[in-house]
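Listed below are the residues making up each chain.
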Amino acid sequence: MSDHAVLRVKGRVLVGPEEVRGELWVVGGRITYTRPPGAREVRTVAGWALPGLVDAHCHVGLDHHGAVDAATSEKQALGDRDAGTLLLRDAGSPADTRWIDDREDLPKIIRAGRHIARTRRYIRNFAYEIEPEDLVAYVAREARRGDGWVKLVGDWIDREEGDLTACWPREAVVAAIAEAHRLGARVTAHCFAEVALRELVEAGIDCVEHATGLTEDTIPLFAEHGVAIVPTLVNIATFPRLAAGGAEKFPRWSAHMNRLYERRYDTVRAAYDAGIPVFVGTDAGGALAHGLAAAEVAELVTAGIPPLDALSATTWAARRWLGRPALEEGAPADLVVYDEDPRADVRVLAAPRVIVLNGRVVG
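Predicted model, so just to flag it, every value in this text is computed and none were measured.

Visitor: What am I meant to see in the sheet that holds strand β20 (residues 360-361) here?
Guide: Neighbouring strands of a sheet are bound in pairs by backbone hydrogen bonds; such pairs are parallel or else antiparallel. Overall, mixed pairing links the 7 strands, which are arranged β3-β2-β1-β4-β18-β19-β20 in an open sheet. Of all the strands in the sheet, the pair left with one neighbour each is β3 (30-32) and β20. Here strand β1 (residues 6-14) pairs with strand β4 (residues 42-51) via 8 bridges, running parallel. Each residue of the ladder has a partner; that of V9, found in β4, is V45.

Take a look at the structure:
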């Protein structure tokens with residue numbers, strides 16, 4: 001297809017959960033629902049069209065050792081693209097991936113800057129490791145460098161306690177989140193355990209990653225404040241292996257991680273039932289491969305979220321939450337076409353037939 005070709009997508013265009021159109025056109029890289037007059041070169045694709053999928057928690061430019069080179073970052077981004085994931089919220093990376101913004105063949109990225117963690121309280125080489133008196137300054141810097149998000153590490157194993165504990169004093173978190181909001185950025189936090197959640201919400205946090213520590217006490221608080229969660233269930237599946245590896249040295253932590261894992265589906269379903277916004281994220285780029293958004297949607301369904309809402313958590317609702325368009329008139333043509341209706345069976349997401357990014361067929 002040349003730069004001036006026109007693409008026609010016909011069949012079922014899923015503009016929204018309940019809004020279906022018979023076709024759309026791609027002209028000049030953008031979506032229109034008006035047939036272009038005098039189109040000379042037209043490629044037609046038939047099937048079920050969705051907005052490009054969203055992974056709201058991944059890490060391009062990062063592996064389990066830390067920052068990676070540009071070639072590895074490119075491979076990660078291509079892994080997402082080829083799975084139909086065309087919008088990424090990068091929830092913390094030590095690598096500079098701004099060059100990806102100049103590549104029309106790679107997914108769009110919304111960055112949260114680099115993780116901000118307490119000294120010796122996170123994975124080595126991932127984060128800025130600082131003390132509470134420096135938190136506001138680092139949050140301000142990452143708010144200016146990111147794309148409207150800042151990422152905190154809210155809890156991690158405390159080796160003296162032998163278990164997960166909160167990383168930040170309440171007053172430091174309050175001041176840091178207020179500074180981020182003053183600069184126009186939202187704040188999210190890594191949290192596995194129960195201990196940090198109430199203070200983060202009361203401090204004004206916008207989102208919590210993983211959120212395995214939600215309980216009947218904190219779920220209503222999240223719902224009241226409209227704090228979103230990104231459960232990353234495909235990552236939580238690694239908890240038993242992690243727990244086994246640390247069982248001898250940190251038995252309390254190991255048992256705690258296993259409890260969080262065992263109740264993971266009940267936790268996510270209770271959050272959804274309470275009205276907490278739930279979005280798809282995979283935590284790819286640390287230990288997990290990229291391109292797992294479809295698997296995460298299936299996990300949300302296993303947890304008890306209705307298929308249409310699980311689908312929306314990686315398409316319409318996720319894009320609205322992140323301030324990016326879906327399949328609206330004039331929007332960039334980032335879409336995926338499937339052979340079957342993904343609303344009827346979300347497993348369809350694992351087999352995209354045609355992928356269109358910035359109006360070009362890329363897969």
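Once you've had a look at it, read on.
Visitor: Would you take a moment to explain the environment of G113 for this structure?
Guide: Take G113: it is sitting in the loop between β9 (108-111) and β10 (116-118). Sequence separation between G113 and H190 is 77 residues; the distance between their C-alpha atoms is 14 Å.

Visitor: Looking at this structure, I do not really get the side chain of S312. What am I missing?
Guide: For S312, the position within the fold is in helix α11 (residues 307-312). In this structure, S312 is in contact with A317 and A318, ignoring residues within four places of it in sequence.

Visitor: Would you mind showing me how to read the pairing of strand β18 (residues 335-338) here?
Guide: Walk down a regular strand and you will see the side chains alternate between the two sheet faces. By the alternation rule, side chains of β18 split into L335 and V337 and V336 and Y338, which are all buried. Direction of pairing for β4 relative to β18: antiparallel, over a ladder of 4 bridges. Counterpart to A49 in the pairing with β18 is V337.

Visitor: Would you take a moment to explain the packing of helix α2 (residues 135-145) against helix α3 (residues 170-182) for this structure?
Guide: Contact pair α2 / α3: the axes reach a minimum separation of 9 Å and the direction vectors enclose 25 degrees. As far as their axial angle goes, α3 and α2 are roughly parallel. Pair α2 / α3 crosses with right-handed handedness. Seen from α2, the contacting residues are L135, V136, V139, A140 and R144; seen from α3, they are A172, V173, A175, A176, E179, A180 and R182. Grouping the amino acids of the contact of α2 with α3 by side-chain chemistry returns 9 nonpolar, no polar and 3 charged.

Visitor: So what exactly am I meant to see when it comes to the pattern of salt bridges here?
Guide: Between side chains of opposite charge, pairing is possible as soon as their charged atoms come close. Here the structure, examined in full by the defined rule, presents 24 salt bridges. The residue D147 makes a salt bridge to R98 at a minimum N-O spacing of 2.9 Å. Remark: R98 occurs in the loop between β8 (85-90) and β9 and D147 occurs in the loop between α2 and β12 (149-153); sequence separation between them is 49 residues. The exposure class assigned to D147 is partly exposed, which follows from its relative accessible area of 26%. Taken together, the shared-partner salt bridges in this structure form one network comprising R98, D101, R111 and D147.

Visitor: Where do I start with the packing of aromatic side chains in this structure?
Guide: Two numbers describe a pair of aromatic rings. These are the distance of the centres and the angle of the planes. A full pass over the atoms with the stated rule returns 7 aromatic pairs. Following the ring pairs from residue to residue traces out a cluster consisting of Y122, F126, W156, F192 and F239. R141 extends its terminal NZ or CZ atom over the ring of Y128, reaching a point 4.7 Å from the ring centre.

Visitor: Just to check I follow, could you spell out the sheet that holds β8 for this structure?
Guide: Read across the sheet, 3 strands follow the order β5-β8-β9 without closing on themselves; strand pairing throughout is parallel. In this open sheet, the two strands that pair with only one neighbour each are β5 (53-58) and β9. This sheet shows a mean twist of 20 degrees between the axes of neighbouring strands, independent of strand direction. Of the strand pairs in this sheet, β8 and β9 are connected by 4 bridges, and their pairing is parallel. Within β9, the position partnered with L87 by the bridge is K108.

Visitor: Would you mind showing me how to read the nonpolar core here?
Guide: Within the largest apolar cluster, 80 residues are counted, with the highest numbers of intra-cluster contacts made by L135, I205, F222 and L300. Beyond its immediate chain neighbours, meaning those up to four positions away, F222 contacts L197, V201, V208, L214, V227, I229 and I276. Counting 16 residues, the second-largest nonpolar core is a separate cluster that includes V9, V15, V354 and V356.

Visitor: So what exactly am I meant to see when it comes to the packing of helix α9 (residues 264-273) against helix α10 (residues 293-303) here?
Guide: For any two helices packed against each other, the geometry is given by the interaxial angle and the distance between the axes. Where α9 meets α10, the axes come as close as 8 Å, and the angle between the chain directions of the two elements is 85 degrees. When the axes of α9 and α10 are compared, the pair comes out roughly perpendicular. Across the interface between the two elements, Y265, V268 and R269 from α9 touch E299, L300, T302 and A303 from α10. When its residues are assigned to classes, the contact of α9 with α10 shows 4 nonpolar, 1 polar and 2 charged.

Visitor: Explanation requested: a positive patch on the surface in the structure shown.
Guide: Where like charges cluster on the molecular surface, the positive patch consists of R120, R124, R159 and K249. Looking at the element boundaries, R159 is found in the loop between β13 (155-158) and β14 (163-166).

Visitor: How should I be thinking about the environment of R263 in this particular structure?
Guide: Examined against the element boundaries, R263 turns out to sit in the loop between α8 (251-262) and α9. Residue classification places R263 among the partly exposed residues on the basis of a relative accessible area of 24%. Distance from R263 to E133, taken between C-alpha atoms, is 36 Å for residues 130 residues apart in sequence. Discounting chain neighbours no more than four positions away, the residues touching R263 are E194, T212, G213, L214 and T215.

Calculation notes
- Residues numbered from 1 in each chain as written.
- Predicted model: local features only at pLDDT ≥ 70, side-chain atom pairs only at ≥ 80, totals over all residues.
- Heavy atoms only, no water.
- Pairing = 2+ DSSP bridges.
- Helix = DSSP H or I, 4+ residues; strand = E, 2+ residues; numbered from the N terminus.
- Contact = heavy atoms within 4.5 Å.
- Buried < 20%, exposed > 50% of the residue type's maximum accessible area, 1.4 Å probe, protein only.
- Axes fitted to C-alpha atoms, helices over the stretch in contact; angles between N-to-C directions.
- Parallel < 35°, antiparallel > 145°, perpendicular 65-115°, else oblique.
- Left-handed = near helix turned anticlockwise from the far one by under 90°.
- Nonpolar A, V, L, I, M, F, W, Y, C, P; charged D, E, K, R; others polar.
- Salt bridge = Lys/Arg side-chain N within 4 Å of Asp/Glu carboxyl O.
- Phe/Tyr/Trp six-rings, centres within 6.5 Å; stacked < 30°, edge-to-face > 60°.
- Lys NZ or Arg CZ within 6 Å of the ring centre and 35° of its normal.
- Core = buried A, V, L, I, M, F, W, Y, C linked by side-chain atoms within 4.5 Å.
- Patch = residues over 30% accessible without salt bridge, like charges linked within 9 Å, V, L, I, M, F, W, Y side chains within 5 Å.
- Areas by Shrake-Rupley, 256 points an atom, 1.4 Å probe, with all protein chains shown as cover.
- Lys, Arg positive; Asp, Glu negative; His and termini not counted.
- Charge placed at Lys NZ, Arg CZ, Asp CG, Glu CD.

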